Amino acid sequence: FTRRPGVKYTPLEVQFLAIKEKHPDVVLFVECGYKYKFFACDAVIASKVLGIVCFVEKNFYCATIPTARLEIHMERLVVAGHKVGV
């Protein structure tokens, strides 16, 4: 997972990219207020496995779930064979 030259990233996107560079094989849940967000390739994976909508937000694909559903969706991703991180 690499940064594209000339693209202006938000602070959250920079943080996400730094984590993904260290852990590219982990589907990352990022808590943003009352929801968890998935970005980029993680959003596409979450969309397919969890049956949620994936959309473009700023520089990445994005998908969200409510914070109250974390354990349920985390289990579904693990059962599907993915490593997850929060």
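Residues numbered from 1 in each chain as written. Predicted model: local features only at pLDDT ≥ 70, side-chain atom pairs only at ≥ 80, totals over all residues. Heavy atoms only, no water.

**Section: the packing of helix α2 (residues 40-50) against helix α3 (residues 70-79)**
Direction vectors running N to C along α2 and α3 enclose 95 degrees, while the axes themselves pass 10 Å from each other. The angle between α2 and α3 places the two elements in the roughly perpendicular class. Packed against α2, whose contacting residues are Ile-45, Ala-46, Val-49 and Leu-50, the element α3 presents His-73, Arg-76 and Leu-77 at the interface. Of the residues in the contact of α2 with α3, the class split is five nonpolar, one polar and one charged. (Axes fitted to C-alpha atoms, helices over the stretch in contact; angles between N-to-C directions. Helix = DSSP H or I, 4+ residues; strand = E, 2+ residues; numbered from the N terminus. Parallel < 35°, antiparallel > 145°, perpendicular 65-115°, else oblique. Contact = heavy atoms within 4.5 Å. Nonpolar A, V, L, I, M, F, W, Y, C, P; charged D, E, K, R; others polar.)

**Re the environment of Val-79**
Inspection of the secondary structure puts Val-79 in helix α3. Once the C-alpha coordinates of Val-79 and Val-26 are considered, the two residues, 53 residues apart in sequence, prove to be 14 Å apart.

**Thoughts on the sheet that holds strand β4 (residues 55-57)**
Across a sheet, strands are paired by hydrogen bonds formed along the backbone, either parallel or antiparallel in direction. The antiparallel open sheet is built from four strands, whose spatial order is β2-β3-β5-β4. Each of the sheet's edge strands pairs with one partner strand only, and the pair in question is β2 (30-32) and β4. Across this sheet, the average inter-strand angle for adjacent strands is 50 degrees, counted without regard to direction. Where β2 meets strand β3 (residues 35-39), three bridges bridge the pair, whose relative direction is antiparallel. Opposite Cys-32, over in β3, you have Lys-35 as the bridge partner. Along the sheet, helix α1 (residues 11-22) makes contact with β2, β3, β4 and β5 (60-66), crossing β5 at roughly 95 degrees. In the packing of α2 onto the sheet, the strands contacted are β3 and β5, and the crossing angle to β3 comes to about 115 degrees. (Pairing = 2+ DSSP bridges.)

**Comments concerning the environment of His-73**
Examined against the element boundaries, His-73 turns out to sit in helix α3. Classification of His-73 as buried rests on a relative accessible area of 7%. Expressed as a C-alpha distance, the spacing of His-73 and Phe-39, which sit 34 residues apart in the sequence, is 15 Å. Among all residues touching His-73, those that are not within four sequence positions of it are Phe-29, Leu-50 and Ile-65. (Buried < 20%, exposed > 50% of the residue type's maximum accessible area, 1.4 Å probe, protein only.)

**Looking at the environment of Met-74**
Position of Met-74 among the secondary structure elements: in helix α3. Among the residues examined, Met-74 registers a relative accessible area of 24% and is labelled partly exposed. Along the chain, Met-74 and Val-84 lie 10 residues apart, while their C-alpha atoms are 7.0 Å from each other. Contact partners of Met-74, with chain neighbours within four places excluded, come to Phe-29, Val-84 and Val-86.

By themselves, these are just geometric observations and shouldn't be taken as functional.
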